[in-house]
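# Chain and residue survey
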Amino acid sequence: MKKLSLVFLFLLFTSVSLSAQGLEGINLTDAVTGKAINIQSQVKGKGLVLIFHSLACPFAKLYEARLIALRSKYQSQGITFILVNPEVSGSEEDKTTLRNYIDQSDINMPYLIDENQTLSKFYKITKIPEVVLITPSSTGNTISYRGAIDNNPQAETAVSAKHLDRAMDSLLKGEAPSPGQARAVGCNLRTY
């Protein structure tokens, strides 16, 4: 039984590691700058946090102050933050709406348009907000954490487990995050 568990863990880790290696072909448009951003090029320093987000989801709005605090705390320590919206088109109207959101919310990070849901499907995202923490390594990229930001999307004062904080703290200490996944809670991602 113990050998079977070890084999299962090895296969799980290998599949997670391999799935993060196909990013080089994914380019999304930044609504703020209008430039195409290659996702693979953003996996640098200590890691990249992709936050799947939508202005139509009230849960995403509830996390606004927490996202600003996370970015302020960890960006200077080598972790990059990017919002990804899989529920908008690349129209000029949508770009303007997202740009205005960034300006008014003070969230101050790139806001990528996943118009064809390429990145969302790549990571099998089902909820908004949901995060994926990708770390670079000598063997390729690794998904170090995925899932919920914390355990209470509705009330920041009632949060008792800060999943993403704990994962980033572990990485900064040179440790593997544990747990590596927590079920995201929020709005269902509308797929097209």
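Preceding this section is the structure that the text describes.
Figured I'd write up the structure that's included with this text.

Analysis parameters
Residues numbered from 1 in each chain as written. Predicted model: local features only at pLDDT ≥ 70, side-chain atom pairs only at ≥ 80, totals over all residues. Heavy atoms only, no water. Disulfide = S-S within 2.5 Å. Helix = DSSP H or I, 4+ residues; strand = E, 2+ residues; numbered from the N terminus. Buried < 20%, exposed > 50% of the residue type's maximum accessible area, 1.4 Å probe, protein only. Pairing = 2+ DSSP bridges. Polar contact = N/O pair within 3.5 Å; in protein donor to acceptor, adjacent residues only side chain to side chain. Contact = heavy atoms within 4.5 Å. Salt bridge = Lys/Arg side-chain N within 4 Å of Asp/Glu carboxyl O. Phe/Tyr/Trp six-rings, centres within 6.5 Å; stacked < 30°, edge-to-face > 60°. Lys NZ or Arg CZ within 6 Å of the ring centre and 35° of its normal. Axes fitted to C-alpha atoms, helices over the stretch in contact; angles between N-to-C directions. Core = buried A, V, L, I, M, F, W, Y, C linked by side-chain atoms within 4.5 Å.

Attention shifts here to the state of the cysteines. Across all of its chains, the model carries one disulfide by this definition. Across a sulfur-sulfur distance of 2.2 Å, Cys57 and Cys187 are joined as a disulfide pair. One quick way to see it: the torsion about the S-S bond of Cys57 and Cys187 is about 90 degrees, and its sign makes the bridge right-handed. Separated by 130 residues along the polypeptide, Cys57 in the loop between strand E3 (47-52) and helix H2 (58-62) and Cys187 in strand E10 (residues 187-188) bring together distant segments of the chain. Neither Cys57 nor Cys187 differs from the other in exposure class; each is buried.

It is worth spelling out the pairing of strand E1 (residues 27-30) at this point. Taken together, the three bridges between E1 and strand E2 (residues 36-38) define a ladder with antiparallel strand orientation. Note that in E2 the partner of Thr29 across the bridge is Ala36. Linking E1 to E2, which pair antiparallel, is a turn of five residues; within it Gly34 sits at a positive phi near 80 degrees. With two bridges connecting them, E1 and strand E5 (residues 111-113) associate as antiparallel partners. Paired with Asp30 across the two strands is Leu112, which belongs to E5.

This brings us to the side chain of Gln42. With respect to the element layout, Gln42 can be found in the loop between E2 and E3. With relative accessibility at 15%, the residue Gln42 sits in the buried group. Polar side-chain contacts of Gln42 include one of 3.3 Å to the side chain of Ser41. Ignoring sequence-local partners within four residues, the contact set of Gln42 consists of Ile37, Leu48, Thr80 and Ile82.

As a further point, take the pattern of salt bridges. According to the stated counting rule, one finds six salt bridges in the structure shown. Between Arg66 and Asp150 there is a salt bridge, with its nearest N and O atoms 2.9 Å apart. On the criterion of sequence distance, the pair formed by Arg66 in helix H3 (residues 64-74) and Asp150 in the loop between strand E8 (142-147) and helix H6 (163-172) is long-range, its members being 84 residues apart. When sorted by exposure, Arg66 lands in the same class as Asp150, which is buried. Here Arg190 makes a salt bridge to Glu87, at a shortest N to O gap of 3.2 Å. Taken together, the positions of Arg190 in the segment after E10 and Glu87 in the loop between strand E4 (79-85) and helix H4 (92-105) put the pair 103 residues apart, joining distant regions of the chain. Accessibility expressed as a relative area gives 42% for Arg190, which makes it partly exposed. Among the residues examined, Glu87 registers a relative accessible area of 12% and is labelled buried.

Moving on: the packing of aromatic side chains. Applying the stated rule across the entire model yields two aromatic pairs. Relative to Tyr123, the ring of Phe122 lies with its centre 5.0 Å away and its plane at 85 degrees, an arrangement referred to as edge-to-face. Given the relative accessible area of 25%, Phe122 is considered partly exposed. A relative accessible area of 2% places Tyr123 in the buried class. Here the basic side chain of Arg66 rests over the ring of Tyr63, its NZ or CZ set 4.1 Å away from the ring centre.

Before going further, it helps to examine the sheet that holds strand E9 (residues 181-182). The mixed open sheet is built from eight strands, whose spatial order is E2-E1-E5-E4-E3-E7-E8-E9. Each edge of the open sheet is held by one strand with a lone partner, namely E2 and E9. Both E4 and E5 contribute to a ladder of three bridges, which runs parallel. Along E5, the bridge assignment pairs Val84 with Leu112. Across the sheet, H6 lies against E3, E4, strand E7 (130-135), E8 and E9, angled at about 5 degrees from E7, the strand it touches most.

For the rest of this paragraph, the subject is the nonpolar core. One recurring pattern in soluble globular proteins is that nonpolar side chains are buried together. Ranked by size, the top nonpolar core spans 29 residues in total, and within it Val49, Phe81, Leu83 and Met168 carry the most contacts. Those elements giving two or more residues to this core turn out to be E3, H3, E4, H4, E5, E7 and H6. Residues within four places of Leu83 in sequence aside, it is in contact with Ile51, His53, Leu67, Tyr101, Ile102, Ile107, Met109, Pro110, Tyr111 and Leu112. Counting residues in hydrophobic clusters, the runner-up holds 24 residues, among them Phe59, Ala60, Leu119 and Cys187.

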